[in-house]
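# Coordinate inspection notes
Residue-level listing of the chains:
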Amino acid sequence: MEKQSDTELVTALVEKLDAENKSTVAFLRQLILDTDKEIGEQVKWNSPSFYFTGEMKAFNPKEYKRDILVINIHRGSILLVFPTGSTITDIDILKAVNYPDGRKIIKIANLEEAKIKQKALQAIIVEWLGKVEK
C-alpha cells in the first residue's frame, strides 16, 4: 500500500468529522491554504495543522516557529490554535484567548461565523508570515 500524502491524510481526517464541523473545517482549511502559496498542511497533534514551507533561519524545533495554526476540535467546538500567537498583534480582535506559553486560541462556532471572520483570519495569517525570520 502506498503511503498517503499529507494532503490526503488531512482530507481523511476532515472526512471523519460530523457534518457541521466538516463543512466549517473544510472552509477554514481552504481559507488558510489560499492565504499564501508557502502554507503547507499536515496532520499534527491528531488535527489539521498548517505551517510555513519556505526558507527560515535555523531554530530549536521545540519553539514551533514553522507552525502557523492547528484546527482542533474540542468538545464539539472548533478551536484555531496559534502555537506562537503571542507574536501576532491583531489577533485579539477575534477574541483570542491567551495562554502563558505564548499560544492564542480563537473559537469558531460554525460555518457562518468562519465566513464572517474570514478576512480578519487571513489578515492575521499574513501578519504571522510577515514575522518569519528568513
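Criteria and cut-off values
Residues numbered from 1 in each chain as written. Predicted model: local features only at pLDDT ≥ 70, side-chain atom pairs only at ≥ 80, totals over all residues. Heavy atoms only, no water. Pairing = 2+ DSSP bridges. Helix = DSSP H or I, 4+ residues; strand = E, 2+ residues; numbered from the N terminus. Contact = heavy atoms within 4.5 Å. Axes fitted to C-alpha atoms, helices over the stretch in contact; angles between N-to-C directions. Buried < 20%, exposed > 50% of the residue type's maximum accessible area, 1.4 Å probe, protein only. Parallel < 35°, antiparallel > 145°, perpendicular 65-115°, else oblique. Core = buried A, V, L, I, M, F, W, Y, C linked by side-chain atoms within 4.5 Å. Left-handed = near helix turned anticlockwise from the far one by under 90°. Nonpolar A, V, L, I, M, F, W, Y, C, P; charged D, E, K, R; others polar. Phe/Tyr/Trp six-rings, centres within 6.5 Å; stacked < 30°, edge-to-face > 60°. Lys NZ or Arg CZ within 6 Å of the ring centre and 35° of its normal.

## Let's talk about the sheet that holds strand β6 (residues 104-108)
- The strand order β1-β2-β3-β4-β6-β5 describes an open sheet built from six strands, whose pairing is antiparallel. Two strands bound the open sheet, and with one partner strand each, they are β1 (39-44) and β5 (97-98).
- Of the pairings in the sheet, the one linking strand β4 (residues 77-82) to β6 comprises five bridges and is antiparallel in character. By the bridge assignment for β6, phenylalanine 82 is matched with lysine 104.
- Together, β1 and β2 (47-52) form the strand contacts of helix α1 (residues 6-15), whose direction differs from that of β1 by roughly 60°.
- This element, helix α2 (residues 19-35), spans β1, β2, β3 (67-74), β4 and β6 of the sheet and lies at about 175° to β3.

## Let's talk about the pairing of β2
- Burial within β2 is extensive, with six of its six residues counted as buried.
- Summarising the sheet, β1 and β2 pair through six bridges and their orientation is antiparallel. Among the inter-strand pairings, lysine 44 is bridged to a residue of β2, identified as serine 47.
- Hairpin connection between β1 and β2: a loop of two residues separates the two successive antiparallel strands, and tryptophan 45 in this loop has a positive phi of roughly 55°.
- For β2 and β3, the ladder comprises three bridges, and the chain directions are antiparallel. By the bridge assignment, serine 49 is partnered in β3 with valine 70.

## Focus on the packing of α1 against α2
- Where α1 meets α2, the axes come as close as 9 Å, and the angle between the chain directions of the two elements is 150°. Regarding the angle of α1 to α2, the classification is roughly antiparallel. In this structure, α1 contributes Thr7, Val10, Thr11, Val14 and Glu15 to the contact, and α2 contributes Lys22, Val25, Ala26 and Arg29.

## Quick word on the nonpolar core
- Formed by 29 residues in total, the largest nonpolar core has its most connected members in Leu28, Leu69, Ile71, Leu80, Phe82 and Ile106.
- Residue contributions to this core peak at five residues, all from helix α4 (residues 118-130).
- Discounting chain neighbours no more than four positions away, the residues touching leucine 80 are Leu28, Leu69, Val70, Ile71, Lys104, Ile105, Ile106, Ile108 and Leu121.

## Topic: the packing of α2 against α4
- Packing of α2 against α4 leaves a shortest axis separation of 10 Å and a crossing angle of 45°. Taken together, the axes of α2 and α4 lie oblique to each other. Relative to α4, the crossing made by α2 is right-handed. Residues Phe27, Leu28, Leu31, Ile32, Asp34 and Thr35 of α2 pack against Gln118, Leu121, Gln122, Ile125 and Val126 of α4.
- Grouping the constituent residues of the contact of α2 with α4 by class yields seven nonpolar, three polar and one charged.

## Quick notes on the packing of aromatic side chains
- Applying the stated rule across the entire model yields zero aromatic pairs.
- Its guanidinium or amino end placed over the ring of tyrosine 99, arginine 103 lies 4.5 Å from that ring's centre, counting from NZ or CZ.
- The ring centre of phenylalanine 27 lies 6.0 Å from the NZ or CZ of lysine 115, which sits over that ring.

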